[in-house]
Amino acid sequence: MRNVLIDGIKPKSVTAPKNTTEFCRLLVEAEKQSQVVVPAGGGTKLDWGNRPTHIDHLVWMDHFNRILDYEPADLTVTVEAGCKLITLQNELAKHGQYLPFDPPFYDECSVGGVVACNSSGPLRYRYGAIRDYVIGMRMAHADGQISKAGGRVVKNVSGYDLCKLYAGSCGTLGVITEVNFKVLPRPVAEGACAITFDSMSDALEGIQKIIQSPLLPDALELMDAGAVARLNQKICADWLSPRLTLLVRWSELEEAIAWQSKELVDRVLPSTKGEATILDAELFKVLWPHVVRFREELAEPCKQLWVCRTVVPMAYIGEIFERARELEKQMRGVMYVTCHAGNGIVYWYLTGGDVLLERAEVFLRAIEQLRKFSTGFGGYTIIESAPPAIKQRIDIWGSAAISEGSQRLMRALKDNFDPKHIFNRGRFVGSI
Amino acid sequence: MIAQAVIQQFEKVVGKSNVLSDRAELVVYECDGLTFHKSLPEAVLFVNSADEVANVIRIAHREEIPFLARGAGTGLSGGAVALEGGLIIEMARMKRLIKVDLDNRYAVVEPGLVNLELSKAISHLGYYYAPDPSSQSACTIGGNIAENAGGPHCLKYGMTTSHVLALEIALPNGDLVQLGAPFGDPLGYDLVGLFVGSEGTFGIVTKAWLRLTRMPQQVRTILAAFGSIRAAADATSRIIAAGIIPAALEIMDKVTIETVEASVYAAGFPIDAEAVLITEIDGLAAGMDVWAERIQDICRAAGAFKTRLAGDETERAQIWKGRKGAFGATGRLNANIYLADAVVPRTKLPDIISKVCEIAAQARIKVANVFHAGDGNLHPVFAYNGQDKEETERMLGACREVLRICVEAGGTITGEHGVGFEKIDFMPLIFSATDLAMMQRARSAFNPDQRLNPGKVLPTRKSCGEISELGTILRKGYDFHPV
Ligand SMILES: Cc1cc2nc3c(=O)[nH]c(=O)nc-3n(C[C@H](O)[C@H](O)[C@H](O)COP(=O)(O)OP(=O)(O)OC[C@H]3O[C@@H](n4cnc5c(N)ncnc54)[C@H](O)[C@@H]3O)c2cc1C
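Residues numbered from 1 in each chain as written. Chains lettered and ligands numbered in written order. Predicted model: local features only at pLDDT ≥ 70, side-chain atom pairs only at ≥ 80, totals over all residues. Heavy atoms only, no water.

Participant: Help me understand the overall build of chain A, please; the structure alone is not making it clear to me.
Facilitator: The number of helices and strands found in chain A is 15 helices and 18 strands. Against the globule reference of 22 Å for 432 residues, chain A gives a C-alpha radius of gyration of 22 Å, in line with a compact fold. Each principal axis of the C-alpha atoms in chain A carries an extent, and together these give about 65 × 55 × 40 Å. Counting over 432 residues, chain A shows a buried share of 64%. Put simply, of all contacts in chain A between residues at least 6 apart along the chain, 72% involve residues at least 24 apart. Separation of charge centres in chain A, based on 50 positive and 51 negative side chains, amounts to 5 Å. (Helix = DSSP H or I, 4+ residues; strand = E, 2+ residues; numbered from the N terminus. Rg over C-alpha atoms; globule rule 2.2 N^0.38 Å. Buried < 20%, exposed > 50% of the residue type's maximum accessible area, 1.4 Å probe, protein only. Contact = heavy atoms within 4.5 Å. Lys, Arg positive; Asp, Glu negative; His and termini not counted. Charge placed at Lys NZ, Arg CZ, Asp CG, Glu CD.)

Pasting the structure below:
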């Protein structure tokens, strides 16, 4: 059983219950003593959230790893939470089906973890977030009870939609033990096109043109020059010109992909300042997995990798890129910025040596300013990953961006579902 | 009774002419689209702004008067019925389209806006609002959000919940709260997702940010006629199995076809067919004909004796007018009709539909089957005479039996219309006491005093015991007779 430090904190006990009975016994005991429980799936996002003060139980879902019920003809599947997303995808692929998500840590993350964090990747532009594919769930609650929400059918309004509440709750309301998904047929073909721009304003104009056109992209992934250079490095080639680049991905019938590439080049782009390169099938196949795995591949060689996610309306994306650039200079690290441009979700990755830590002040101030800038229009910045020394000095969520009223509702939900706050105590928004 | 002094306070907020408290005027509000459950409110208030809603609620909260919102009253599960009297807050006048933001593809609307009016107002921009309940020319966005309404095209585009980005709501204590933001992911719990489908029991929507969908470049509508309803249902399974997710997959049976064809909604459906399957695909023009051809091949292979591609937009509109008018058209079958709603895994449809027909035959009730075949959502329409008590009971018995077999087949008791209080007694069929307790936990976070829309969605503790007994009986397949 893996014991790990979470933000530098060592869990007092580490377990991997064999079944729900064992699991629930643990929960009942923990609740009785008001202990802190951290559920763990793939272990890829354990450091999400505020730094815990202490952890009594780290509970791995390793034994909940089966695909329980897969009905290809119904396009539904029931899977235990500890099952790796990739294992599930491989099984679905045997029947020409898939779940249209490509979240960070694609190869390692568990189904439960992805759902708990509602994490998503580039595909979410067309296909929506993971919560839109969850049709049912089984949860273990603080009092040791097991409940189910939703069902196994793709359309269901029987009772409140608790699946939506649990998805994205970051393991603070209970432990997801099983998930029912609706799945999709795998598209016949896939392809992509890279468009380079000289400036951010050109890029934003280009993106708007694409969005307003008849094209149906799956993903609109905007990457700064540094990120593109990293991709080149990864595929050991310089197929992409290391400039501000928009990757437009599609999946359709071959005819439709061909038509879209042509339409993009002939009709959509001429009115913009972008230069397009259609990626041939081979390049696409080699390149795209690195786009999806950008984050984890960055983590490998870097001593420090600080990751933030800023969410803003599309018009402000440029501002975020600029601020990131500015911060890079001040921090004397290397910053990569990528963005799900169609959704206004910007990721910025600050890398460097331990010197970064010496400039913690600068970093914290920049975050604060960024938050001030974006709350006016409902945006926010989350620190997804940073060393404990940083995290203990700041609310990683920037909870102030949430309206008073919403915060009250969230607290009430937490109190109702987990009265003693045993699940991930203090780590979620508003320190719940 | 609400004291006259309190009525006067309400009048001060919304204006005298916007308060109804006369029995004769209230009768209109004693039920929604589900006509056999009636209960009179004590007053109906017409509101014009979020502030008015909040102020009205504050008074109701202080005076401990139960209240609920009502949109167009087309709900089919009794959601907008004032079970405990009190107030109905009529939202229909709050119907402004406040803003359209095409850069971020959303619109901001007031809840009283009628679903179809939104799409009409933005169609010149090349966008529309995707959820399309058959009642879309009457029902409101607020009602849609409360019920998580679906429609034929939800097969591909998802139910209302996939199209609501953010909300402003009035909580049962009168606080106005904004939930979510119109871009990115929710920060913290997904309160918007939880709220959608809460059937008017969590709060009253005063403003909504809705996702707008670009009109597809091309649409193809294929009509296929079958010699049996089973064959039509089988064709839907084969289409899905071929890796196609059409925009819509709808089946109508012979009874429905005949009534539609004899009505103003006549669409040229083949009356010699036992069932028709309407398949609509949309998206890029490139490759569309390949799909259309493939779908027709699949239908023929599944036994269709006729397939037809709608030649133009007029023909297509005609088909949908027929389909969406089906429920209205069935009104001619008998004095009253009852539209049932249940879901099964789609592969179970052929068996379930046969059983539905058997159940209806046994109960000697005429049934018309029209359903969203693509997602396994069946809508048998039972025709009966409401004056005839015995027949009404036979009809209700048949409905219950249908729900029972759907649950038995791994399905659920409602796919679109909600639980309201119509199906409250059936909740224990699919949910354990613990499951229901969790739902109660969610509700109490929003509506701790249960003063907003009481008596809906969740069985009360008292009835829960009795009902779970009923649930056990039903689960065992006991021959259940309506009380
Ligand atoms: C002919 C016909 C066809 C139909 N077809 C479909 C269909 O295809 N798909 C489908 O899903 N439904 C269908 N319905 C059901 C119904 O139209 C939907 O449930 C619709 O969403 C109800 O909207 P409404 O404005 O009429 O709401 P109402 O009936 O007025 O209210 C329904 C519920 O919403 C609540 N509510 C209303 N406004 C608000 C608000 N502002 N804030 C909070 N809660 C509110 C009420 O309290 C109540 O609980 C059909 C109904 C009819 C009569």
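Participant: How should I be thinking about the overall build of chain B in this particular structure?
Facilitator: If you tally the helices and strands in chain B, you get 17 helices and 19 strands. Relative to the 2.2 N^0.38 estimate, which gives 23 Å for 483 residues, the radius of gyration of chain B is 23 Å and therefore close to what a compact globule would have. Here the C-alpha coordinates of chain B stretch approximately 70 × 55 × 40 Å along the principal axes. Scored against the burial criterion, the 483 residues of chain B give a buried share of 63%. Taking the intrachain contacts of chain B between residues at least 6 apart in sequence as the baseline, contacts between residues at least 24 apart amount to 72%. Summing over all exposed atoms, chain B offers an accessible surface of approximately 17100 Å²; the carbon and sulfur share of this is 50%. (Areas by Shrake-Rupley, 256 points an atom, 1.4 Å probe, with all protein chains shown as cover.)

Participant: Is there a simple way to think about the sheet that holds strand 1 (residues 19-20) of chain B in this case?
Facilitator: Strands pair in a sheet through their backbones, by hydrogen bonds, and they do so in one of two ways: parallel or antiparallel. Residue and element names in this part refer to chain B. The four strands lie next to each other as 1-2-4-3, forming an open sheet whose pairing is mixed. A single partner strand is all that each edge strand has here, and the edge strands are strand 1 and strand 3 (67-70). With four bridges connecting them, strand 3 and strand 4 (residues 87-90) associate as parallel partners. Within the sheet, the bridge partner assigned to Phe-67 lies in strand 4 and is Leu-87. (Pairing = 2+ DSSP bridges.)

Participant: In this structure, what is going on with the pattern of salt bridges? I would like to understand it.
Facilitator: Two side chains with opposite charge may pair up if their charged atoms get near one another. What the rule picks out here adds up to 59 salt bridges over all chains. Among the ionic pairs, Lys-155 of chain A bridges to Glu-416 of chain B, the shortest N-O distance being 2.8 Å. In this pair, Lys-155 of chain A sits in the loop between strand 8 (146-150) and helix 5 (162-166) while Glu-416 of chain B sits in the loop between helix 14 (389-408) and helix 15 (427-430), so the two residues belong to two different chains. On the basis of relative accessible area, Lys-155 of chain A is assigned to the buried category, the value being 1%. Look at Glu-416 of chain B and you get buried, because its relative accessible area is 8%. A salt bridge links Glu-313 of chain B to Arg-316 of chain B, with the shortest nitrogen-to-oxygen separation between them at 3.1 Å. Highlighted residues: Glu-313 of chain B and Arg-316 of chain B, both in helix 11 (residues 313-324), separated by three residues, approximately one helical turn. (Salt bridge = Lys/Arg side-chain N within 4 Å of Asp/Glu carboxyl O.)

Participant: Could you clarify how one ought to interpret the packing of helix 8 (residues 229-241) of chain B against helix 13 (residues 349-363) of chain B in this entry?
Facilitator: A pair of packed helices can be characterised by two numbers: the angle between their axes and the separation between those axes. Residue and element names in this part refer to chain B. For the pair helix 8 and helix 13, the least separation of the axes is 8 Å and the interaxial angle reads 155°. Taken together, the axes of helix 8 and helix 13 lie roughly antiparallel to each other. The two elements helix 8 and helix 13 cross, and the hand of that crossing is right-handed. Facing helix 8, whose interface residues are Ile-229, Arg-230, Ala-233 and Asp-234, helix 13 presents Leu-349, Pro-350, Asp-351, Ile-353 and Ser-354. A class-by-class count of the residues in the contact of helix 8 with helix 13 yields five nonpolar, one polar and three charged. (Axes fitted to C-alpha atoms, helices over the stretch in contact; angles between N-to-C directions. Parallel < 35°, antiparallel > 145°, perpendicular 65-115°, else oblique. Left-handed = near helix turned anticlockwise from the far one by under 90°. Nonpolar A, V, L, I, M, F, W, Y, C, P; charged D, E, K, R; others polar.)

Participant: Can you walk me through the interface of chain B and chain A in this structure?
Facilitator: The parts lose accessible area when they come together, and the size of an interface is often stated as this lost area. Listed as interface residues are 80 residues of chain B and, on the opposing side, 79 residues of chain A. For the interface between chain B and chain A, the tally reads seven salt bridges. Where chain B packs against chain A, one counts 31 residue pairs in polar contact (both at pLDDT 80 or more). Put simply, the parts of the chain that give the side of chain B that touches chain A at least two residues each are strand 9 (176-179), helix 7 (191-195), helix 10 (288-301), helix 15 and helix 16 (433-446) of chain B. Sort the elements by how many residues they give to the side of chain B that touches chain A and helix 16 of chain B lands first, with 10 residues. For the side of chain B that touches chain A, the per-class residue count stands at 37 nonpolar, 28 polar and 15 charged. (Polar contact = N/O pair within 3.5 Å; in protein donor to acceptor, adjacent residues only side chain to side chain.)

Participant: Whenever I open this one, the domain arrangement of chain B confuses me. Can you help?
Facilitator: All names here are of chain B. Domain boundaries assigned for chain B yield domain 1 (4-90), domain 2 (97-214), domain 3 (218-329) and domain 4 (333-475). Each of domain 1 and domain 4 has a C-alpha centre, and the two are 27 Å apart. The partner domain 4 presents 18 residues to the 18 residues of domain 1 that form the contact. Between domain 1 and domain 4 lies a buried interface of about 1500 Å² when both sides are counted; carbon and sulfur atoms form 65% of it. Applying the counting rule to domain 1 against domain 4 returns zero salt bridges. Across the domain 1-domain 4 interface, the total number found is 10 residue pairs in polar contact (both at pLDDT 80 or more). Looking at the side of domain 1 that touches domain 4 residue by residue, the class counts come to 11 nonpolar, five polar and two charged. (Domains from an automatic or database assignment. Buried area = accessible area lost by both parts, 1.4 Å probe.)

Participant: Mind showing me how you'd approach the sheet that holds strand 7 (residues 134-140) of chain A here?
Facilitator: Residues and elements named next belong to chain A. Judged by pairing direction, the sheet is antiparallel, and its five strands sit side by side in the order 4-5-9-7-8 without closing on themselves. The open sheet has two edge strands, strand 4 (67-71) and strand 8, and neither has a second partner. Each strand axis lies, on average, 10° off the axis of its neighbour in the sheet, ignoring direction. As paired strands, strand 4 and strand 5 (residues 76-80) are joined by four bridges and run antiparallel to one another. Counted as the bridge partner of Asp-69 is Thr-78 from strand 5. Here helix 2 (residues 85-93) sits on the sheet in contact with strand 4, strand 5 and strand 9 (175-182), set at roughly 30° to strand 4.

Participant: Sorry if this is basic, but what is going on with the nonpolar core here?
Facilitator: As a rule of thumb, nonpolar side chains are buried together in soluble globular proteins. In terms of nonpolar packing, the biggest core is built from 244 residues, with Phe-181, Leu-222, Trp-348 and Phe-363 of chain A together with Phe-382 of chain B touching the most fellow members. By residue number, the principal contributor to this core is helix 14 of chain B, which donates eight residues. (Core = buried A, V, L, I, M, F, W, Y, C linked by side-chain atoms within 4.5 Å.)

Participant: Where do I start with the site of the ligand in this structure?
Facilitator: Residues and elements named next belong to chain B. In the vicinity of the ligand, 33 residues are found, and the nearest of them are Ala-69, Gly-71, Thr-74, Ser-135 and Thr-140. The separation between an oxygen atom of the ligand and a polar main-chain atom of Gly-73 is 2.8 Å. Separating an oxygen atom of the ligand from a backbone N or O atom of Gly-79 is a distance of 3.1 Å. Protein chains bury 94% of the 980 Å² of accessible surface belonging to the ligand in isolation. Going through the elements one at a time, strand 3, helix 5 (141-147) and strand 10 (204-211) are the ones with two or more residues in the shell around the ligand. If one sorts the elements of the shell around the ligand by residue count, helix 5 sits on top with five residues. (Near = heavy atom within 4 Å.)

Participant: Could you clarify how one ought to interpret the packing of aromatic side chains in this entry?
Facilitator: One pair of aromatic rings is described through two measures. These are the centre distance and the angle between the planes. In this structure the tally under the stated criterion is 21 aromatic pairs over all chains. Between Tyr-316 of chain A and Phe-373 of chain A, the ring centres sit 5.9 Å apart and the planes meet at 80°, which makes this aromatic pair edge-to-face. Residue Tyr-316 of chain A is located in the loop between strand 15 (304-311) and helix 11 (317-331), and its partner Phe-373 of chain A is located in helix 13 (residues 360-375); the two are separated by 57 residues in the primary sequence. When its relative accessible area of 32% is taken as the criterion, Tyr-316 of chain A is described as partly exposed. Three or more aromatic residues link up through ring pairs in this structure, and these residues are Tyr-160 of chain A together with Phe-195, Phe-202 and Phe-446 of chain B. Over the ring of Tyr-133 of chain A we find Lys-182 of chain A, and its NZ or CZ is 6.0 Å from the ring centre. (Phe/Tyr/Trp six-rings, centres within 6.5 Å; stacked < 30°, edge-to-face > 60°. Lys NZ or Arg CZ within 6 Å of the ring centre and 35° of its normal.)

Participant: Would you mind showing me how to read helix 1 (residues 20-32) of chain A here?
Facilitator: All names here are of chain A. Taking 1.5 Å as the rise per residue, helix 1 with 13 residues should run 18 Å; its terminal C-alpha atoms sit 18 Å apart, in good agreement. Within helix 1 the residues assigned to the buried category are Phe-23, Cys-24, Leu-26, Leu-27, Ala-30 and Glu-31. Mapping the buried residues of helix 1 onto a view down its axis gives an arc of 155°, with all of them on the same face. The exposed residues of helix 1 that point more than 90 degrees off its buried face are Thr-21, Arg-25 and Lys-32. Looking at the buried residues of helix 1, the elements they touch are strand 1 (13-15), strand 2 (37-40), strand 3 (57-60), strand 7, strand 8 and strand 9. Two or three places before Thr-21, at the start of helix 1, stands the capping residue Asn-19, its side-chain oxygen 3.3 Å from that residue's backbone nitrogen. Ser-34 occupies a position one or two residues after helix 1 and carries a positive phi of about 55°. (Expected span 1.5 Å × (residues − 1). Arc of directions from axis to C-beta.)

Participant: Please clarify how the pairing of strand 9 of chain B should be interpreted in this entry.
Facilitator: Judged by which residues are buried, strand 9 of chain B turns out to be one-sided: Val-177 and Leu-179 of chain B face inward and are buried, whereas Leu-176 and Gln-178 of chain B, on the alternate face, are not. Linkage of strand 8 (residues 164-170) of chain B to strand 9 of chain B, two consecutive antiparallel strands, is achieved through a turn of five residues, within which Gly-174 of chain B is found at a positive phi near 95°.

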